[in-house]
Amino acid sequence: MGDMGNNRNIVILTGAGVSAESGIDTFRDGGGLWEQHRVEDVATPEAFQRDPDLVLRFYDMRREAVQTKEPNAAHHALARLEREPDGDVLIVTQNVDDLHERAGAKNVLYMHGELLNAWCTACDARSRWTGTLIDRPTCPACGAPALRPDIVWFGEMPYRMEEIYGALRRADLFVSIGTSGAVYPAAGFVRDAREMGVETLELNLERSEGSSWFHETRLGPATEIVPAWVDELVDAG
Ligand code: APR
């Protein structure tokens, strides 16, 4: 594929599609419903205020489920790409699972938070959390029973945006994998990257909403098209 092999600094945006074949449901493919609730109705600060038990239970179930899942060939391929000696690879993920890390990736930026973290609304500390929050456990740092999932909800600011834009400015290639392009600011990265003169590639099961912005789109299941792309890039380099 052309001169992709000369690209050295790569920013990879991942979404739910990269974890779908690990058995983690995407947000918008199955109608986006969870026990009759739209995802947007559960994943907001207002929902948490209105019905904290509902929201805590939702994330407790997802936290429990993710610990039974395993990284797939797409996660492993991206970790392999990251280990290549030339250039930098930054994985910016919208996913809150830890499958990139469990596949061995080191350079993962969680822009929408992490399921396996609890965030204390009293003292702002973040703690590794594998159990439940519905029972209102106390914060390991300050002792307050004020923990919430460390998840960026609709209406909240994604994490580490400055770092992400800094990495895009230094990038030669921006790759979007397994995301529908429905949620901003991540959905706007492709346009931002193009304005910065960065090459752009989309890898997804179907065309995303912003598909026409990409220089190239390859369609298929992540476990097939991601390893194939990484092989190509590594061979070319
Ligand atoms: N391989 C590749 N892509 C896939 C696969 C697969 N096996 N299965 C599904 N997809 C694609 C779908 O075609 C879709 O375009 O993954 C995308 C998943 O889209 P969403 O469910 O909208 O997930 P995502 O884009 O990650 O959502 C963004 O929305 O709810 C918020 O904060 C949440 O981070 C999330 C954000």
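For the structure itself, look to the data block above.
So, here is what we can say about the structure in this document. (Residues numbered from 1 in each chain as written. Predicted model: local features only at pLDDT ≥ 70, side-chain atom pairs only at ≥ 80, totals over all residues. Heavy atoms only, no water.)

Secondary structure summary: the protein chain contains 8 helices and 11 strands in total. Against the 2.2 N^0.38 benchmark of 18 Å for 237 residues, the protein chain shows a C-alpha radius of gyration of 18 Å, consistent with a compact globule. Along the first, second and third principal axes, the C-alpha set of the protein chain runs to 55 × 35 × 35 Å. A distance of 2 Å separates the average location of the 23 positive side-chain charges in the protein chain from that of its 39 negative side-chain charges. (Helix = DSSP H or I, 4+ residues; strand = E, 2+ residues; numbered from the N terminus. Rg over C-alpha atoms; globule rule 2.2 N^0.38 Å. Lys, Arg positive; Asp, Glu negative; His and termini not counted. Charge placed at Lys NZ, Arg CZ, Asp CG, Glu CD.)

A full pass over the atoms with the stated rule returns 0 disulfides. Cys 120 provides the cysteine sulfur closest to Cys 142, a residue in no disulfide bond, and the two sulfurs are 3.7 Å apart. (Disulfide = S-S within 2.5 Å.)

Compared with the 21 Å implied by 1.5 Å per residue over 15 residues, the 21 Å span of helix 3 (residues 52–66) between its first and last C-alpha is a close match. Every buried residue of helix 3 is accounted for by Leu 54, Val 55, Leu 56, Phe 58, Tyr 59, Asp 60, Arg 63 and Val 66. (Expected span 1.5 Å × (residues − 1). Buried < 20%, exposed > 50% of the residue type's maximum accessible area, 1.4 Å probe, protein only.)

Positionally, Asp 135 belongs in the loop between strand 7 (126–128) and strand 8 (147–151). Taking the C-alpha atoms as reference points, Asp 135 and Asp 53, 82 residues apart in sequence, are found 9.1 Å from one another. A polar atom in the side chain of Asp 135 sits 2.8 Å from the side chain of Thr 132. (Polar contact = N/O pair within 3.5 Å; in protein donor to acceptor, adjacent residues only side chain to side chain.)

Next up on the list: the sheet that holds strand 1 (residues 10–14). Taken together, the 6 strands give an open sheet; going across it, the order is 5-4-1-9-10-11, and neighbouring strands pair in parallel fashion. A strand with exactly one partner marks an edge of an open sheet, and here the two such strands are strand 5 (108–110) and strand 11 (216–219). Direction aside, neighbouring strands of the sheet carry axes that sit 20° apart on average. With 4 bridges joining them, strand 10 (residues 199–204) and strand 11 adopt parallel strand pairing. Note on strand 11: the bridge partner recorded for Asn 204 is Leu 219. (Pairing = 2+ DSSP bridges. Axes fitted to C-alpha atoms, helices over the stretch in contact; angles between N-to-C directions.)

Our next topic: the site of the ligand. Near the ligand lie 22 residues; those nearest to it are Ala 16, Phe 27, Arg 28, Thr 179 and Ser 180. For the ligand, whose unbound accessible area comes to 730 Å², protein coverage reaches 94%. In a pocket analysis with a 2 Å cut-off to the grid points, the ligand is assigned to the largest pocket. In the shell around the ligand, the residues fall into 8 nonpolar, 10 polar and 4 charged. (Near = heavy atom within 4 Å. Areas by Shrake-Rupley, 256 points an atom, 1.4 Å probe, with all protein chains shown as cover. 1 Å grid on protein atoms, 1.4 Å probe; cavity = no way out; pocket = protein on both sides within 12 Å on 5 of 7 lines; lining within 4 Å. Sits in = over half its atoms within 2 Å of the grid points. Nonpolar A, V, L, I, M, F, W, Y, C, P; charged D, E, K, R; others polar.)

With that out of the way, let us pick up the pattern of salt bridges. This model, assessed by the stated rule, comprises 11 salt bridges. A salt bridge links Arg 80 to Asp 231; the nearest nitrogen and oxygen atoms lie 2.8 Å apart. With Arg 80 in helix 4 (residues 73–83) and Asp 231 in helix 8 (residues 222–236), this pair connects stretches of sequence that are 151 residues apart. The residue Arg 148 makes a salt bridge to Glu 156 at a minimum N-O spacing of 2.9 Å. Judged by its relative accessible area of 6%, Arg 148 falls in the buried class. On the basis of relative accessibility, which here comes to 24%, the residue Glu 156 falls in the partly exposed class. When salt bridges with common partners are traced through the structure, they connect Glu 70, Asp 98 and Arg 102 into a single cluster. (Salt bridge = Lys/Arg side-chain N within 4 Å of Asp/Glu carboxyl O.)

Right, let's get into the layout of surface pockets. The space that makes up the largest pocket amounts to roughly 790 Å³. Lining the largest pocket are 45 residues, and of these Ala 16, Phe 27, Arg 28, Thr 179 and Ser 180 lie nearest its centre. Elements represented by at least two residues in the lining of the largest pocket include exactly helix 3, strand 10 and helix 8. Ranked by residues supplied to the lining of the largest pocket, first place goes to helix 8 with 3 residues. Classifying every residue of the lining of the largest pocket by side-chain character gives 23 nonpolar, 14 polar and 8 charged. (Points joined across faces, edges and corners; volume = space filled by probe spheres on them.)

The analysis is restricted to geometry; functional conclusions fall outside its scope.
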